[in-house]
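The lines below spell out each chain.
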Amino acid sequence: MPDRLLDLRSDTVTHPTPEMRRAMAEAELGDDVFRDDPTVIELEERAAELTGKEAALFVPSGTMGNLVSLMAHVARGGEIITEAESHIVYDEAAGHAVVVGASARTIPARDDGTMDPGAIHAAFRDPADPHEPLSALVCLENTHGHSMGQPLDAAYTAEVGAIARERGVPLHVDGARIFNAVVALGTTVRELLAAADSASFCLSKGLACPVGSIVVGRREFIWRARRARKLLGGGMRQVGVLAAPGLIALRDGPRGMIERLAEDHLNARRLAEELSQLPGIYGLDPSRVRTNFVLFRVGSAQTGTAQRAAFLDALARDGILMVEYPHGQVRAVTHYGIEAADIDRVLRSCRSALAGVGDRLGASVA
Ligand SMILES: Cc1ncc(COP(=O)(O)O)c(C=O)c1O
């Protein structure tokens, strides 16, 4: 029998747990556009309580969660200040520009995934100058994907929140993987989001739900986000079937899916530690693996792209999937369904893929 597929392309590939599937089948339903789906109402109340915000909104995706948040915060012609490779500007089909009518002023991330607070200060426009867009929102991404999933701590978020407040604009946190940050930092989501006016987080990634994200914030903000969701066609009907697994994911303790993210972090760290020892892998400092992302390069700076493709093909033939990532990198993401023993198999395949890559391209990967 062929080995089971180990899909490390993303934590979005997770399937719901058996308990989630049962809960979906048995969920009590209503019509959520009429606001009478009890399962959705319960999930939104739980999310608001957990994050310490007034209200919450269930949306189909993280992308829509960010987009409705931007629509609720930013008027046409406004400008968002955000990290240069944040998902909001890099990976969401320019929704900020196309739908919201907002420009983006971007600041590169430092190694720890943060933007320099001084640069955030400097990014604000002069509201008295009619040439300039109006600074309207600051966004953070936590965990920060392109810096290998670095968690941003509460002190940093508070510092950025204070800058935003001083300049009279709100702070939105794209917290697609905020619970990975919570677990990595040993804190609570309330603490991490205390300085944020709004946040979105995904149920469909490491928390293993099949679909869905949540937006949290003040009641009046959530009302505007709800209108924006309707405008985008995101008003859903008997959507308690999708909210039911979210209630399991967000439970406290071992009955929920938050605590177990620590296993994914351990698996990612061990994968990185052993990968970094292999000839042909470079650009990987395992001490930077703090959550569930492992980013690395294959071959050398000169030969990397061809070797990366050959490496990924060889792994795929072995039933292991990783994915190309910007700047010539490979990404492997650990998640529910990938066990510690699977990491051994991944490492064995990486070793033989690297050997094959060197042979086939006639270049040493040593
Ligand atoms: C940081 C971040 N924000 C938002 C999203 C969007 O989530 P979705 O794929 O559910 O639209 C992702 C997806 O990978 C993400 O990594």
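The model shown is predicted, which means the values in this text are computed figures rather than measured ones.

**Q** Before we move on, can you summarise the site of the ligand with the specific residues and values?
**A** In the region of the ligand, the neighbouring residues are Ser61, Gly62, Thr63, Asn66, His87, Glu141, Gly145, Asp174, Ala176, Cys202, Ser204 and Ser213. The greatest single-element share of the shell around the ligand, amounting to 3 residues, is contributed by helix α3 (residues 62-73). A class-by-class count of the residues in the shell around the ligand yields 2 nonpolar, 8 polar and 2 charged.

**Q** Break down the packing of helix α8 (residues 178-185) against helix α12 (residues 261-275) for me, citing the residues and quoting the values.
**A** At a minimum axis distance of 9 Å, the contact between α8 and α12 shows a crossing angle of 75°. Taken together, the axes of α8 and α12 lie roughly perpendicular to each other. Of the residues in α12, those touching α8 at Phe179, Asn180, Val183 and Ala184 are Leu261, Ala262 and His265. For the contact of α8 with α12, the per-class residue count stands at 5 nonpolar, 2 polar and no charged.

**Q** Break down the sheet that holds strand β13 (residues 329-333) for me, with residues and values.
**A** What holds strands together in a sheet is hydrogen bonding between their backbones, with the strands either parallel or antiparallel. With antiparallel pairing, the 4 strands of this open sheet are ordered in space as β9-β10-β13-β12. In this open sheet, the two strands that pair with only one neighbour each are β9 (281-282) and β12 (323-325). One ladder, built from 3 bridges, connects β12 with β13; its direction is antiparallel. Among the inter-strand pairings, valine 323 is bridged to a residue of β13, identified as arginine 331. In this fold α12 packs onto β9, β10 (293-298) and β13, with an angle of close to 20° to the strand it touches most, β10.

**Q** Before we move on, can you summarise the domain arrangement of the chain with the specific residues and values?
**A** For the chain, the assigned domains are domain 1 (6-12 + 259-360) and domain 2 (18-255). On a C-alpha basis, the centres of domain 1 and domain 2 stand 29 Å from each other. Contact residues are listed per partner, giving 17 residues for domain 1 and 19 residues for domain 2. Of all the elements in the fold, those that place two or more residues in the side of domain 1 that touches domain 2 are α12 and β10.

**Q** An account of the pairing of β13 is needed here, citing residue identities and associated values.
**A** By the criterion of burial, β13 is predominantly enclosed, with 4 of the 5 residues buried. Across 4 bridges, β10 lies against β13 in antiparallel orientation. Following the sheet pairing, phenylalanine 293 is matched in β13 by valine 333. Hairpin remark: β12 followed by β13, antiparallel, with 3 residues in the connecting loop; positive phi at histidine 327, about 65°.

**Q** Go over the confidence of the model for the chain with me, naming the residues and quoting the values.
**A** Confidence along the chain averages 96 in pLDDT terms, with 96% of residues attaining 70 or more. Looking at the elements of the chain, mean pLDDT is at its lowest for helix α14 (residues 340-360), recorded as 90, and at its highest for strand β6 (residues 171-174), recorded as 99.

**Q** Please give an account of the sheet that holds strand β8 (residues 213-217) that cites residues and values.
**A** Judged by pairing direction, the sheet is mixed, and its 7 strands sit side by side in the order β2-β8-β7-β6-β5-β3-β4 without closing on themselves. Of all the strands in the sheet, just β2 (55-59) and β4 (103-107) have a single pairing partner and so form its edges. Ignoring strand direction, the axes of neighbouring strands in this sheet form an average angle of 20°. In the sheet, strand β5 (residues 134-141) pairs with β6 via 4 bridges, with the strands oriented parallel. Looking across to β6, one finds that glutamate 141 is bridged to aspartate 174. In the packing of helix α2 (residues 38-51) onto the sheet, contacts are made with β2, β7 (198-202) and β8, and the angle to β2 comes to roughly 125°.

**Q** Outline the nonpolar core, listing residues and values.
**A** Grouped together as the largest cluster of nonpolar side chains are 78 residues, with contacts concentrated most on Val68, Ile80, Val138, Ile214 and Val215. Sequence-distant contacts of isoleucine 214, defined by excluding residues within four places in its chain, comprise Ala47, Ala56, Leu57, Phe58, Gly65, Ser200, Phe201 and Leu203. Grouped together as the second largest cluster of nonpolar side chains are 31 residues, Ile281, Val289, Val346 and Ala353 included.

**Q** Can you tell me about α2, naming the residues and giving the values?
**A** The terminal C-alpha atoms of α2, which comprises 14 residues, lie 20 Å apart, in line with the 20 Å expected from a rise of 1.5 Å per residue. If you check which residues of α2 are buried, you get Thr39, Val40, Leu43, Glu44, Ala47, Leu50 and Thr51. Viewed along the axis of α2, the buried residues span an arc of 135°, placing them on a single side of the element. Summarising the contacts, the buried residues of α2 are in contact with β2, α9 (189-193), β7, β8 and α11 (240-249).

**Q** I'd like to hear about the packing of α2 against α11, residue by residue, with values.
**A** As a packed pair, α2 and α11 sit with axes 8 Å apart at the nearest point and diverge in direction by 35°. Remark: the crossing between α2 and α11 carries left-handed chirality. On the side of α2, the interface is formed by Pro38, Thr39, Val40, Glu42, Leu43 and Arg46, while α11 contributes Gly240, Ala243, Ala244, Gly246 and Leu247. For the contact of α2 with α11, the per-class residue count stands at 6 nonpolar, 3 polar and 2 charged.

**Q** I'd like to hear about unusual backbone geometry, residue by residue, with values.
**A** Here asparagine 142 and threonine 143 are connected by a cis peptide whose omega angle stands at 0°. Among the secondary structure elements, threonine 143 is positioned in the loop between β5 and α7 (154-166). Unlike most non-glycine residues, alanine 208 shows phi in positive territory, near 75°. Along the chain, the position of alanine 208 falls in the loop between β7 and β8. Positive phi, close to 65°, is recorded for histidine 327, a residue that is not glycine. Topologically, histidine 327 is positioned in the loop between β12 and β13. On the neighbour-count criterion, histidine 327 (10 C-beta atoms within 10 Å) is exposed.

Rules behind the numbers
Residues numbered from 1 in each chain as written. Predicted model: local features only at pLDDT ≥ 70, side-chain atom pairs only at ≥ 80, totals over all residues. Near = placed C-beta within 6 Å. Helix = DSSP H or I, 4+ residues; strand = E, 2+ residues; numbered from the N terminus. Nonpolar A, V, L, I, M, F, W, Y, C, P; charged D, E, K, R; others polar. Axes fitted to C-alpha atoms, helices over the stretch in contact; angles between N-to-C directions. Parallel < 35°, antiparallel > 145°, perpendicular 65-115°, else oblique. Contact = placed C-beta atoms within 7 Å. Pairing = 2+ DSSP bridges. Domains from an automatic or database assignment. Buried ≥ 20, exposed ≤ 12 C-beta atoms within 10 Å, placed from the backbone. pLDDT = per-residue confidence, 0-100. Core = buried A, V, L, I, M, F, W, Y, C linked by C-beta atoms within 7 Å. Expected span 1.5 Å × (residues − 1). Arc of directions from axis to C-beta. Left-handed = near helix turned anticlockwise from the far one by under 90°.

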